[in-house]
Each structure stands twice: as structure tokens, then as C-alpha cells.
Amino acid sequence: MTSETHFEQSKRRTFFKSGIAFISGVISLAMAVPLIGAAIAPAFKKGQKKWVDLGLVELLKGARHKKINYTFQAKDGWVQATRERSVYVTDEGGGRFVVFSRVCTHLGCLVRWDEKKRHYHCPCHGGIFDETGNVIAGPPPRPLERPSVKVENGILYVREV
Amino acid sequence: MRRRIAAFFESRLPLSDVVNHLKKPLPKHINWLFSLGSMAAFLLILQAVTGAFLALYYSPSPDHAYNSVKYISHEVPFGVFVRGLHHWGSSALVIVVFLHLLRVVLYGSYKAPRELTWMVGVILFLVVLGFGFTGYLLPWDQKAYWATVVGVEIAGTVPLIGDFIAKILRGGAEVGAVTLTRFYTLHTIWLPWLVFVLVGLHLFFVRYYGSAGLPQNRPEEMQGGKPFYPDQLFEDAVAILVLFILLAAAAIFIPVPLEELANPTDASYDPRPEWYFLFLFQLLRYFEGPLEVIGTFVIPTAAIVLLLLLPFLDKRERVPLRKRPVALAVTSLSVLAIVTLTILGGRSPKLETPSEPSIKQSESPSNDANQSEDATPEEDADDTPVFDFN
Ligand code: HEM
Ligand code: FES
């Protein structure tokens with residue numbers, strides 16, 4: 001021990017320092033990957049698309065900006081959750097329907113149809129959309145979302161994502 | 001006996017050194033604004049203590065959260081008081097931390113060598129807002145749900161990675177069960193750990209650099225004041241007592257709001273955030289279409305960066321406020337802007353509930369068209385009376 005030179009001692013300590021840094025690094029990295037991976041995993045999950053029925057076409061005949069709430073089952077993490085959605089349906093005639101999502105394209109509040117003023121307006125930051133879903137005032141950057149629809153066996157279906 | 005116990009510890013630990021540390025004299029002319037920091041620390045402890053008790057009964061799942069909070073308010077003995085303290089305490093914390101920040105700005109106490117104390121403080125302020133944001137989802141009522149929907153969408157407007165951030169915050173594509181456990185965990189584990197580390201650092205820096213005192217203090221006055229313990233701490237304690245009495249009164253006399261259960265399809269609900277986010281809510285109204293991101297991201301980020309870097313942007317010597325017209329003007333204007341936006345946001349008109357074509361429940365498609373269990377369209381009850389949807 002006593003015969004160790006100053007040079008050897010400092011070399012040894014340099015080794016120790018790198019050793020400590022190395023071990024800390026290895027453990028941190030080994031932990032970071034699974035922990036961060038688990039935490040951000042939901043961002044990579046793809047939702048399944050499916051068709052959800054809105055109701056008998058017959059009953060929606062002549063509908064103008066009619067609000068329909070519907071539910072469907074979807075997995076929410078470990079829960080088999082009942083998702084609730086709300087849309088406005090307009091019968092365009094000839095078996096064609098326009099469905100607007102009520103989700104404001106600004107920050108997600110639910111728009112409402114104003115029959116008197118004949119537009120959709122948002123209760124949050126004053127966004128207004130015209131009958132065709134285009135923005136006419138306020139902050140929303142895009143027209144109202146129009147999920148795909150189809151009619152099959154007399155039932156109107158809407159595409160859920 | 002007491003003496004023997006004291007002697008036991010005295011001979012083993014440097015207790016008197018610790019006490020001496022606390023007895024170091026402060027600068028002269030310390031006024032009550034210097035108690036705001038201690039008041040914030042007290043409130044943080046109060047939040048931790050009341051939160052730990054709420055957590056005994058609270059259940060972070062969409063099926064149970066709302067009822068568990070109701071249970072706390074209506075059935076747990078003293079539950080309504082504890083929840084009241086936690087609720088009003090969180091508002092008080094936001095106010096006190098903000099005032100503390102203001103006094104540091106107005107006295108120029110952020111200047112060298114106290115840049116680190118300041119920067120940790122700015123982060124602490126953000127963490128306090130983070131507590132508020134994650135906290136008010138927990139009751140799972142309408143306000144909780146919609147404030148979170150909008151709040152997460154705001155994060156979603158960050159250029160490029162916004163969508164990714166929003167999904168991580170929500171734990172999926174929508175606010176739901178996973179979101180609630182996430183927010184609960186952030187609120188009760190991650191943020192508290194973070195806050196106590198940051199407060200520890202903050203206080204260490206405060207002690208290490210010593211109080212900056214008033215800018216007009218001459219160098220010989222910097223050590224000439226009263227000791228922190230017990231003189232200053234007594235004044236702090238009085239301020240804290242006043243604060244506590246106010247909070248306890250609020251907890252007893254002002255009911256903590258709990259709105260209806262969260263409802264993702266409610267047609268008549270006008271979402272509004274907690275009062276301390278109203279300025280942001282109002283700000284968002286002014287940026288339309290493609291400019292949206294200015295209100296949601298650019299201004300808030302710029303404000304945070306400017307705040308963080310303040311000590312490096314303003315390196316002039318510390319002088320009394322009356323000799324800092326620019327600082328005074330910028331600070332007053334910022335405060336005025338925030339207060340004005342908050343008031344406007346609070347007053348922003350709710351939508352009158354317009355009439356809307358609707359069909360009677362009996363004619364509703366749900367009654368005929370849908371036998372299948374897993375896709376049931378339905379008119380909700382608020383639609384039933386024709387042409388009225390409130
Ligand atoms: C430090 C440890 C903390 C714990 C363990 C904790 C725990 C909890 C729990 C269990 C709830 C749900 C019960 C309820 O909603 O009444 C809650 C709600 C809440 N917390 Fe905390 N909390 C802590 C700190 C904070 C802080 C520092 C703030 C400051 C802003 C805060 C703000 C809120 C808010 C605004 C709510 C919603 C209250 C309501 O309207 O009912 N919490 N907290
Ligand atoms: S969410 Fe509709 S205008 Fe902001």
C-alpha cells in the first residue's frame with residue numbers, strides 16, 4: 001500500500017470516477033427505457049375504426065341539424081368503456097346524410113346549433129360555423145369534422161375512430 | 001428528564017450549529033412582503049397534509065371519483081372542511097406565490113447572484129399551476145372534464161409534437177380512465193416529489209445567498225437587522241395565522257363547488273376553467289384560425305422563457321423601484337393585462353340556449369333501430385321536450 005506512488009493513486013481514482021459515472025449511466029439507461037416506454041406507450045396506440053349505427057334512415061328523413069347522441073363500446077386502457085358522442089345530422093335528400101361532429105375544431109368544446117341564427121356556435125371562445133360547417137367567426141382553424149357515413153339496410157352508420 | 005434528553009441529542013448532533021444558522025441577522029428594513037415566501041411554504045404543507053387525508057377516501061376512476069368526492073363532502077366527518085381547506089388553499093397558493101414573485105420583481109431581488117433562486121422559483125410557480133391543472137380533473141365533474149379536454153387540446157397545439165404530447169397526457173385519444181389515473185399520479189406523487197426537491201433547493205439558495213433585503217439598503221445595513229429565528233419567523237407565523245383563519249373561514253362558510261357528473265355529450269354546458277386559468281381562456285379568443293398557436297403556445301412559452309431569463313436580461317445594478325421606470329411599467333402592464341383578461345374571461349357571456357329542432361323521445365331512432373348492445377344511439381333526456389334543450 002505505502003509503496004503506491006502518487007501517480008498510481010491518481011490513476012486509480014480516475015478509474016473509480018469513470019466507474020461511478022459508468023455504473024450510474026448503465027442503471028439510469030436500463031431504467032429509462034422501460035419507464036419512459038411504459039409512460040408514453042399510449043401515444044403510439046392506434047384506435048380501431050368501426051361503423052356505429054345512428055338509427056333508422058326512415059326516422060331521420062327531413063332531419064335538419066338534428067342532434068343525436070350515441071354510444072359505442074371501446075377500450076379505454078383496462079376499461080371496456082362506453083364512449084359517448086354527439087353529432088348533428090342533416091338529411092340532404094336522396095338517401096344522403098351530412099353528419100357533423102359537435103367537437104369544435106378549436107379546442108374541443110361541443111358546438112350547438114342555433115336555429116334562429118342558423119349557425120353552429122361554440123360555448124368556449126366564440127367560434128361560429130355556418131350550416132355547412134365552415135368557420136365564419138372566432139378562433140377555430142378548420143371546418144367542423146365530417147365523419148364518413150353510409151346507409152345500409154335502411155340504417156345510417158357513422159365511422160368512429 | 002427533558003434536560004437529559006436534550007443533552008443526549010446535543011452531544012451527538014450539531015443542533016446548536018443549526019439553530020445558529022437560523023439566527024443569522026437579516027438585512028435591515030425587512031417588511032411583511034418578505035413573509036410571502038413563508039406563507040407559500042405553509043400553504044404547500046397544508047396542501048400536502050389535507051391532500052394526504054383526501055387521498056384516504058378518493059378513488060381515481062371515472063366510475064368512482066365523483067362519488068368518492070361527494071362522499072368526502074357529505075359523509076366523512078370533517079371531510080367537507082378538509083376538502084374546503086384543500087380547495088381554497090390551492091387558490092390561495094396561486095395568489096400567494098404570484099404575489100411573492102411580484103415582490104421579488106419589484107425589489108429587484110432576482111439580480112446576481114440570486115439567478116438560481118429566481119429560476120427555481122419560476123419553475124415552482126409552474127409546478128403550482130400544474131398542481132391546479134391536474135387537481136381539478138380529480139372530482140370528475142363537468143368543470144373537471146371540460147377543463148381537461150380543453151387544457152389537453154391546448155398542449156396539442158404545440159407545433160410538431162403537440163399531438164404526441166396530448167396523447168401522452170391523456171394516455172390515449174380521449175379523456176377517460178387512463179387520463180384520470182395519470183392526473184392523479186402526477187398530482188399526488190410526481191408533482192409533490194418535484195415540489196419538495198425544488199423547495200429544498202430554493203430555500204437552500206435563499207439561505208446561501210442571504211436575503212437581498214431592500215434595494216436601498218447600504219452595505220453595512222445588509223447584516224444589521226433582526227435574526228431570522230425567532231424575530232422574523234414570529235412575524236411569518238402571524239401572517240400565516242391570518243392566512244389560516246381566512247382559509248378556515250372559507251372552508252367552513254363557502255361550499256366547495258361540485259358540478260354535475262362529467263358528461264361528454266351535454267348540450268347545455270359552457271366550459272370555463274378555474275379562475276387562475278381564465279386569462280389564458282380569454283387570450284385564446286383573440287387568435288383566430290392559423291394564428292391560434294400564438295395564443296396557445298407562442299405567448300405562454302415566450303412569457304415563461306422571458307421570466308426564466310429575467311435576471312440575465314436585466315443586469316443593471318439593483319436600485320430602488322422609483323429609479324426603474326421600465327421595470328415598473330412592464331410589470332404593471334403585465335399585471336394589468338392578466339387581471340383584465342381574467343375579468344373578461346370571467347364575464348365572457350355564456351351561450352343563450354338556442355332552440356334546436358329535435359324529435360320526441362318516442363320517435364327517437366334509439367327506440368326502434370337499435371337492438372345491438374354495443375352501439376346505442378340515443379337522444380339524451382335534455383332533448384326530450386321539443387325545441388328546448390336545456
Ligand atoms: C402535495 C400533495 C397533494 C396531495 C396528496 C393532493 C391530493 C388531492 C386529492 C386526493 C384530491 C381529490 C379530492 C378533491 O377533489 O377534493 C385533490 C384535489 C385538488 N387538489 Fe390536491 N393534493 C396535493 C397538492 C395540491 C397543490 C399544491 C395544489 C395547488 C394548486 C392542489 C390543488 C388541487 C385542486 C384544485 C383540487 C381539486 C379540488 C376540488 O375542486 O375538489 N393540490 N388533491
Ligand atoms: S373550443 Fe370552440 S371556440 Fe375554442
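On a predicted model such as this, the values are computed, not experimentally measured, just so you know.

Rules and cut-offs
Residues numbered from 1 in each chain as written. Chains lettered and ligands numbered in written order. Predicted model: local features only at pLDDT ≥ 70, side-chain atom pairs only at ≥ 80, totals over all residues. Heavy atoms only, no water. Near = heavy atom within 4 Å. Polar contact = N/O pair within 3.5 Å; in protein donor to acceptor, adjacent residues only side chain to side chain. Helix = DSSP H or I, 4+ residues; strand = E, 2+ residues; numbered from the N terminus. Nonpolar A, V, L, I, M, F, W, Y, C, P; charged D, E, K, R; others polar. Contact = heavy atoms within 4.5 Å.

Residue and element names in this part refer to chain B. Neighbouring residues of ligand 1: 24 residues in total, closest R83, H86, H87, G135 and H187. At 2.8 Å, a side-chain N or O of R83 approaches an oxygen atom of ligand 1. Interatomic distance of 2.8 Å between a side-chain N/O atom of H86 and a nitrogen atom of ligand 1. Contributing elements (two or more residues each) for the shell around ligand 1: α3 (36-57), α5 (79-106), α6 (115-135) and α9 (177-209). Looking at the shell around ligand 1 element by element, the count peaks at seven residues for α3. Residues that form the shell around ligand 1 fall into these classes: 14 nonpolar, nine polar and one charged.

On to the side chain of H202 of chain B. Position of H202 of chain B relative to the elements: it lies in helix α9. In contact with H202 of chain B, not counting residues within four places along its chain, are H100, T117, V120, G121 and L124 of chain B.

Residues and elements named next belong to chain B. Put simply, A112 and P113 share a cis peptide bond, and its omega is 5 degrees. The topology assignment puts P113 in the loop between α5 and α6. Of note, the amide linkage connecting Y229 to P230 takes the cis form, showing an omega dihedral of 0 degrees. Among the structural elements, P230 can be located in helix α10 (residues 228-253).

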